[in-house]
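These are the residues of each chain, in order.
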Amino acid sequence: MDLIKRPHNKLSYVPFYKVQINDDFWAKRQQINRDVSIHLQHEKLEQDHHIDNFRVAGGVKKGVQIGEFYYDSDLYKWLEATSYILHTHSDPDLELKANEIVDLIDKSQSEDGYVNTFYSTRFLQERFTNLYIMHELYCAGHLIQAAVAHNIATGKETLLNVAIKFADLLVKTFLGGKRKGVPGHEEIELALIELYRLTNKPSYLELAEEFINRRGKISNFKTYVINQYLNMGYITKLAKKKNLEYEKEVKGKDISSVQSEVAEFVSGLTIKHFIRLIRENFNGNFIQSNKPVRSIFEPVGHAVRAMYLYCGMADLYSETGDDALLKSLRRIWLKMYKARMYVTGGIGSERSIEGFGKDFALGNRNSYSETCAAIGNLMWNWRMLQITGNCKYADLIEKLLYNAMLVGQSIDGKKYTYDNPLISHGKDERKEWFLCACCPPNIARTIASLGQYIYSTSEKGIWIHQYIGNTTNINFRSNLIKISQKSLFPWKGKVEIHLNLSKSQKFSIFLRIPNWSIDAELKVNGIKHSDGLSKGKYVEILRNWLDNDIILLTFKMKPNLIESDPRIKDNRGREAISYGPLIYCLEQKDNKKFDIFKTIIPRNQEFIVKYKPELLGGINIITGKNSNNEIFTAIPYFAWSNRGPDKMQIWHKSI
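Quick summary incoming for the structure in this document. Everything quoted here is computed from the prediction, not taken from an experiment.

### Observations concerning the overall build of the protein
Helix and strand counts for the protein stand at 17 helices and 22 strands. Judged by the C-alpha coordinates and their principal axes, the protein covers about 75 × 65 × 50 Å. Counting the 655 residues in the protein, one finds 62% classified as buried. Sequence-distant contacts in the protein: of pairs separated by 6 or more residues, those separated by 24 or more amount to 70%.

Right, here's the structure in full:
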């Protein structure tokens, strides 16, 4: 089955493994990802029992599952990232690690197809009793995605067969309303559709559609939630009992004192947070089950869950052409973009639910902007772009890549942020790992598969969405077209695109004119092309393309002050600094002569941009003067907190 071309999409993406990124910016990130990050993540997954849990479940060693009930998913995401890396780069050590984990997962599968170390090592009979909280279907979804990635990368079928057997169990258990409930953390929906595309088994698509259609339709929802929380208490108590029994059996083994991420998160909540969390659970907002999906008009609840649901809905539209789904997604996107998204592209302003607040409730001090939510937003916009070909989705993808996603990993690839504030008083710092380790492997799989965001094709021609230096070969109408893109993004707005064709051919090339572009210049073989260069749109160049044709794009970039929407209370009278696709911030260590929280930046001045190769891996800094005639220095937001904890601010007082 064709995994790329979907029946109701306008565009078909070019997969990442056909795109070799070679620029100075993203190629460096990818190299760090495969040489440093992925191996350090494996060490942490080993230290925190994620891998050991499968040894126990697979009968390789004696014990019980240690850690949270969703631990399996982090290992699956790591395996997905590893598969992407191995698809394009040879790494015998990484391949050995992946092979061991695939073997352990295979050994852990029960006879009927079930895989979940939390339940299978303790009480298999309790499985599927708590879809709302216990993340079984979330873990299953990430297993399926890892299996699809591993199969495409290696051609091996061991993990894919595990996923198929598990998916068949889910179909047998749930399809047709056999067992009630709705997935509390969306993920299984988009994963089942991925598996359907690989296997062409209609039942996987049918189950994904059923799970999506169940949302907002659970009768006596409050009672359902109460029962699920009571079940969670029972399951947690039972798990502790099993752990204590094992501790007695194996003297000296202390499992019960292992720190709980759930307990850590709850301990940081105020009474107000608790009230909000309870309310959002009971009204269905938290898990996006407040309304049937075709009636949704705004993003609500836990931001990562919301993004994964919208990805599943978009995938379902791609297969079925259900216009009501697409209309709902368009409404949700517009509300998010206009009223519930930070200037960085980050989403989730309510810490208590790790999710969406009311319109323009985008305070800086309580901003959450989870890294995984940015990645989920990236995934959703990529799907919307393939469906519609609308430039606004590609523009947001760019903003997310360079800001809300990239800030989640340190420049050396060794540390991470879970949430990403827009202001810091010096207490925030990057960490090597988290008890809830969803973000690090999520970043790893995103950076490893970055190439898929650059190109698409349609019946009319080739679309270039992102200006990232690369080479690729695209088969279009029986013609092999090699594209070599040289890009100076994000530091300069210059792009040079070389075309090599096996034969001359008439078709269109669609080039994105970024919405931040002040002015754009386009030349084809040195001849200026002036028509259709509107920012925030694609310009279509229809011509008979020849071998060795050259496209030159120049986007005028200069520092820009973005005025905040006055409806955002915290930012009235404040402005943020942008430069091309990047959002900038002030860190106190670069501005030692004044307090960055009190400084005022005059609007009418010429800012100076200077590239500093020795600073933070090589960045453009922006300098200007504050109202006291003191020089300030701004750095890209993604680069902050790479020199230790420090005061930081994005929105500044201005006059």
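Here the narrative resumes.
### Let's talk about helix α7 (residues 158–174)
An α-helix turns once per 3.6 residues; consequently, residues spaced three or four apart project the same way. Helix length check: α7 (17 residues) gives 25 Å between terminal C-alpha atoms against 24 Å at 1.5 Å per residue, within 8%. The buried fraction of α7 is high, at 12 of 17 residues. Considered for burial, the residues of α7 that qualify are Leu159, Leu160, Val162, Ala163, Ile164, Phe166, Ala167, Leu169, Leu170, Val171, Thr173 and Phe174. Of the residues trailing α7, Gly176 is marked for its positive phi of about 85°.

### Concerning the pairing of strand β20 (residues 631–636)
By the criterion of burial, β20 is predominantly enclosed, with 5 of the 6 residues buried. Pairing of strand β16 (residues 582–587) with β20 involves 2 bridges; the strand directions are antiparallel. If you follow Tyr584 over to β20, its bridge partner there is Pro636. Here 4 bridges tie strand β19 (residues 619–625) to β20, and the two strands are oriented antiparallel to one another. The residue bridging Gly624 from the neighbouring strand is Phe632, located in β20. What sits between β19 and β20 in their antiparallel hairpin is a turn of 5 residues, with Asn629 showing a positive phi close to 65°.

### Quick word on the pattern of salt bridges
For the structure on display, the rule yields 36 salt bridges. Put simply, Lys61 and Asp52 hold a salt bridge, and the shortest N to O gap is 3.0 Å. The exposure class assigned to Lys61 is partly exposed, which follows from its relative accessible area of 37%. Under the relative-accessibility criterion, Asp52 is labelled buried at 18%. Note that Asp112 is salt-bridged to Arg127, the shortest N-O span being 2.5 Å. Here the residue Asp112 occupies a position in the loop between α4 (92–108) and α5 (117–120), and Arg127 occupies one in the loop between α5 and α6 (136–154), the gap between them amounting to 15 residues. Accessibility expressed as a relative area gives 18% for Arg127, which makes it buried. Through salt bridges that share partners, Arg6, Arg197, Asp315, Glu319 and Arg383 make up one connected network.

### A short note on the sheet that holds strand β4 (residues 455–457)
The sheet built from 5 strands is open, its strands ordered β1-β4-β5-β9-β12 with mixed pairing. Two strands in the sheet have a free side with no partner beyond their single neighbour: β1 (12–13) and β12 (537–545). Bridging between strand β5 (residues 461–464) and strand β9 (residues 505–513) involves 4 bridges; their strand directions are parallel. Residue pairing in the sheet places Trp463 in a bridge with Phe510 of β9. On top of the sheet, helix α16 (residues 391–405) reaches β9 and β12; it is set at about 55° to β9, its chief contact.

### Describing the nonpolar core
Ranked by size, the top nonpolar core spans 221 residues in total, and within it Trp26, Ile105, Trp380, Leu511 and Ile650 carry the most contacts. It is helix α13 (residues 303–320) that provides the largest number of residues to this core, a total of 12 residues.

### Describing the sheet that holds strand β2 (residues 19–21)
Read from one edge of the open sheet, 7 strands run β2-β6-β7-β8-β13-β10-β11, paired in antiparallel fashion. Each end of this open sheet is capped by a strand with a single partner; those strands are β2 and β11 (527–529). With strand direction ignored, the average angle separating the axes of adjacent strands in the sheet is 20°.

### Some points on the environment of Pro645
By the secondary structure assignment, Pro645 is in the loop between β20 and β21 (647–649). Looking at Pro645, the relative accessible area reads 40%, which means it is partly exposed. C-alpha separation for the pair Pro645 and Ser424, spaced 221 residues apart in sequence, amounts to 8.7 Å. When sequence neighbours within four positions are dropped, the list of residues in contact with Pro645 reads Gly426, Asp428, Glu429 and Lys589.

### Details of the packing of aromatic side chains
Taken as a whole, this structure holds 41 aromatic pairs when the rule is applied. Each ring, one from Tyr132 and one from Tyr229, has its centre 6.1 Å from the other, and the planes form 65°; the classification is edge-to-face. Pair noted here: Tyr132 is in the loop between α5 and α6 and Tyr229 is in helix α10 (residues 221–249), with a separation of 97 residues, a long-range link. Taking the relative accessible area as the measure of exposure, Tyr132 reaches 2% and is therefore buried. Classification of Tyr229 by relative accessible area gives partly exposed; the value is 37%. Each ring, one from Trp516 and one from Phe555, has its centre 6.1 Å from the other, and the planes form 75°; the classification is edge-to-face. Separated by 39 residues along the polypeptide, Trp516 in the loop between β9 and β10 (520–524) and Phe555 in strand β13 (residues 550–555) bring together distant segments of the chain. Judged by relative accessible area, which is 17%, Trp516 ranks as buried.

Thresholds, definitions, all that
- Residues numbered from 1 in each chain as written.
- Predicted model: local features only at pLDDT ≥ 70, side-chain atom pairs only at ≥ 80, totals over all residues.
- Heavy atoms only, no water.
- Helix = DSSP H or I, 4+ residues; strand = E, 2+ residues; numbered from the N terminus.
- Buried < 20%, exposed > 50% of the residue type's maximum accessible area, 1.4 Å probe, protein only.
- Contact = heavy atoms within 4.5 Å.
- Expected span 1.5 Å × (residues − 1).
- Pairing = 2+ DSSP bridges.
- Salt bridge = Lys/Arg side-chain N within 4 Å of Asp/Glu carboxyl O.
- Axes fitted to C-alpha atoms, helices over the stretch in contact; angles between N-to-C directions.
- Core = buried A, V, L, I, M, F, W, Y, C linked by side-chain atoms within 4.5 Å.
- Phe/Tyr/Trp six-rings, centres within 6.5 Å; stacked < 30°, edge-to-face > 60°.

Purely spatial values, then, with no claim about function.
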